[in-house]
Amino acid sequence: MLEEHYQIGTVAETVGLSLRTIRYYEEIGLVSPSGRTDGGFRLYTEADIERLHLVKALKPVGMSLETMGTLLERADALEVAVAAGDGVEDAARAFERVLETAHRHLEEWQERLEQARTALAGLDRLAKTGDR
């Protein structure tokens, strides 16, 4: 069965990213088109689109593009190792280290969010006492 391919304009509309952003993500190695037309137009698969959705979802939580790249690189290496049946343990350990880093970042962001909520509550209390 042939896998369906989509041109960059359709992908951009589907994912909600600009053409420029998708091209930039390709330039820095976050995503690569799975193929090209005879005329050189980029072609993306459903897996490529899912990868772009993931990058888009990670961006607002403050994960750097560099960290995303490392995470995706390790995930790709793990996938290749599993498919080849070789080096799976090493690839899994490398992926786990990147995930641990991502979890640490998440904990830091959650702590910052809590600090911001506390500060906002303090400002709200201050504003209410100033209204009297």
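Structure first, text after, so check above.
About the cut-offs
- Residues numbered from 1 in each chain as written.
- Predicted model: local features only at pLDDT ≥ 70, side-chain atom pairs only at ≥ 80, totals over all residues.
- Heavy atoms only, no water.
- Helix = DSSP H or I, 4+ residues; strand = E, 2+ residues; numbered from the N terminus.
- Contact = heavy atoms within 4.5 Å.
- Buried < 20%, exposed > 50% of the residue type's maximum accessible area, 1.4 Å probe, protein only.
- Arc of directions from axis to C-beta.
- Pairing = 2+ DSSP bridges.
- Core = buried A, V, L, I, M, F, W, Y, C linked by side-chain atoms within 4.5 Å.
- Axes fitted to C-alpha atoms, helices over the stretch in contact; angles between N-to-C directions.
- Left-handed = near helix turned anticlockwise from the far one by under 90°.
- Nonpolar A, V, L, I, M, F, W, Y, C, P; charged D, E, K, R; others polar.

Q: Would you take a moment to explain the environment of methionine 68 for this structure?
A: With respect to the secondary-structure elements, methionine 68 resides in helix H4 (residues 65-84). Separated by 10 residues in sequence, methionine 68 and leucine 58 place their C-alpha atoms 7.7 Å apart. Aside from chain neighbours lying at most four places away, what touches methionine 68 is Leu30, Val55, Leu58, Lys59 and Met63.

Q: Looking at this structure, how should I read helix H1 (residues 8-15)?
A: Given 3.6 residues per helical turn, the α-helix brings residues three or four places apart onto the same face. Ile8, Val11, Ala12 and Val15 are the residues of H1 that are buried. Angularly, the buried residues of H1 cover 100 degrees about the axis, an arc narrow enough to put them on a single face. Buried residues in H1 make contact with strand S1 (6-7), helix H2 (19-27), strand S3 (42-44) and helix H3 (46-58). Glycine 16 occupies a position one or two residues after H1 and carries a positive phi of about 85 degrees.

Q: Which parts of the structure should I look at to understand the sheet that holds S3?
A: Strand pairing in a sheet relies on backbone hydrogen bonds, with the paired strands running either antiparallel or parallel. Spatially, the three strands line up as an open sheet ordered S1-S3-S2, and their pairing is antiparallel. In this open sheet, the two edge strands, each paired with only one partner strand, are S1 and strand S2 (35-36). Here S2 runs beside S3; their pairing, made up of two bridges, is antiparallel. Within S3, the position partnered with arginine 36 by the bridge is arginine 42.

Q: What am I meant to see in the nonpolar core here?
A: When a protein is soluble and globular, its nonpolar side chains tend to lie buried together. Core analysis: the biggest nonpolar cluster contains 26 residues, and Val11, Ile22, Tyr25 and Leu52 have the highest contact counts within it. Contributions of two or more residues to this core are made by H1, H2, H3, H4 and helix H5 (88-130). Leucine 52 has contacts with Val11, Val15, Leu17, Ile22, Tyr25 and Val31, leaving out every residue within four places of it along the chain.

Q: Can you walk me through the packing of H3 against H4 in this structure?
A: In a pair of packed helices, the angle between the axes and the distance between the axes together describe the arrangement. Two elements in contact, H3 and H4, have axes separated by 11 Å at closest approach and are oriented at 145 degrees. The two elements H3 and H4 meet at a crossing, and its hand is right-handed. On the side of H3, the interface is formed by Arg51, Leu54, Val55 and Leu58, while H4 contributes Met68, Leu71, Leu72 and Asp76. Along the lines of polarity and charge, the residues of the contact of H3 with H4 split into six nonpolar, no polar and two charged.

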